Amino acid sequence: DVKVTQSSRYLVKRTGEKVFLECVQDMDHENMFWYRQDPGLGLRLIYFSYDVKMKEKGDIPEGYSVSREKKERFSLILESASTNQTSMYLCASSRRLGAHEQYFGPGTRLTVT
Amino acid sequence: RKEVEQDPGPFNVPEGATVAFNCTYSNSASQSFFWYRQDCRKEPKLLMSVYSSGNEDGRFTAQLNRASQYISLLIRDSKLSDSATYLCVVKGSPGSSNTGKLIFGQGTTLQVKP
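Note that the structure is predicted; figures quoted are calculated from it, not measured.

Conventions and cut-offs
Throughout, residues of each chain are indexed from 1 in the direction in which the sequence is written. In the order they appear in the text, chains get letters beginning with A and ligands get numbers beginning with 1. The model is predicted, so local features are restricted to residues of pLDDT at least 70 and side-chain atom pairs to those at 80 or more, both for listing and for counting; the totals for chains, interfaces and linings are taken over all residues. Where side-chain values are given, they derive from all heavy atoms of the structure, hydrogens and water being excluded. We place a 1 Å grid over just the protein atoms. Points where a 1.4 Å probe fits but has no way out form a cavity, open points with protein on both sides within 12 Å along at least 5 of 7 lines form a pocket, and any residue with an atom within 4 Å of a point lines it. Grid points are joined across faces, edges and corners, and a volume is the space filled by probe spheres set on the points. Per the convention used, a helix needs a DSSP run of H or I reaching at least four residues, while a strand needs a run of E reaching at least two, with both numbered from the N terminus. For this scheme, ten residues count as nonpolar: Ala, Val, Leu, Ile, Met, Phe, Trp, Tyr, Cys and Pro. Four count as charged, namely Asp, Glu, Lys and Arg, and the remainder, Gly too, count as polar. Here, two cysteine sulfur atoms that lie within 2.5 Å of each other are counted as a disulfide. Categorising residues by exposure relies on relative accessible area from a 1.4 Å probe, with only protein chains included: less than 20% of the type maximum marks a residue as buried, more than 50% marks it as exposed, and the intermediate range marks it as partly exposed.

### Remarks on the layout of surface pockets
Empty space within the largest pocket amounts to approximately 660 Å³. Gln37 of chain A together with Gln38, Cys40, Arg41 and Thr85 of chain B are, among the 27 residues lining the largest pocket, the residues nearest its centre. Within the residue set of the lining of the largest pocket, elements represented by two or more residues are strand S4 (31–38) and strand S9 (87–94) of chain A together with strand S9 (84–91) and strand S11 (108–113) of chain B. With 3 residues, the single largest contributor to the lining of the largest pocket is S11 of chain B. Split into classes, the residues belonging to the lining of the largest pocket amount to 9 nonpolar, 11 polar and 7 charged. Within this model, the second largest pocket holds a volume of roughly 370 Å³. Residue lining of the second largest pocket: 18 residues in total, with Leu41, Leu43 and Arg44 of chain A together with Ile103 and Phe104 of chain B positioned closest to the centre. Elements that contribute at least two residues to the lining of the second largest pocket include exactly strand S5 (42–49) of chain A together with strand S1 (4–6) and strand S10 (102–104) of chain B. Of the residues belonging to the lining of the second largest pocket, the class tally is 8 nonpolar, 4 polar and 6 charged.

Here is the structure:
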């Protein structure tokens, strides 16, 4: 079974803090993704990576950066958290780019106060 | 206009009912379509792919209408355990800015009541 884990289920941070969200997958997948999910807006792609040290912007990259130093780990960084970044953050992985099945982690509910 | 649009619901149906969800997509070049299911406070998981000829998986039937650019999901004999949010997903068409990505609709919430 593919397993995607995220470092925290719930996180509360203050405005202006630097926030790290970690994601690890154990199936040697090439591709990893970060989404945020908000009511009425659905899942929106922030960044994705198709290889180690490679990254591509998604639909809403502003205010975020990512890091992929190892194949199994993909980190999302909020350089200076703001209240409009309060959201559910979901990490996903897939075997290859364009694969229709993405495997999601359990999500991190981030609240920025 | 959103690339993938769904009626968010909620759809409240009694056990045993048949319920159908529709989803429309804006890019006529799209070629691959899927339904994902997301239980309350859980992550999305692939439910089924949608094939041109329509396909069935037990009580679930998925259909594609390319001319009208919509996808449907039919659930027969609804169970309490079918309560979830159903996400319509379109794969980005080749050559587009969304190549290789999955584009998710906002989801339709189904609540099956006893």
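### Re the state of the cysteines
Enumeration over the complete set of coordinates arrives at 2 disulfides over all chains. Here cysteine 23 of chain A connects covalently by a disulfide to cysteine 91 of chain A, the sulfurs 1.9 Å from one another. Torsion about the S-S bond of the cysteine 23 of chain A and cysteine 91 of chain A cystine: about -75 degrees, corresponding to left-handed handedness. With cysteine 23 of chain A in strand S3 (residues 19–25) and cysteine 91 of chain A in strand S9, this residue pair connects regions lying 68 residues apart in the sequence. Taken individually, cysteine 23 of chain A and cysteine 91 of chain A each receive the classification buried, so the pair is uniform in this respect. Here cysteine 23 of chain B is linked by a disulfide to cysteine 88 of chain B, with a sulfur-sulfur distance of 1.9 Å.

Spatial relationships are all this shows, so hold off on functional conclusions.
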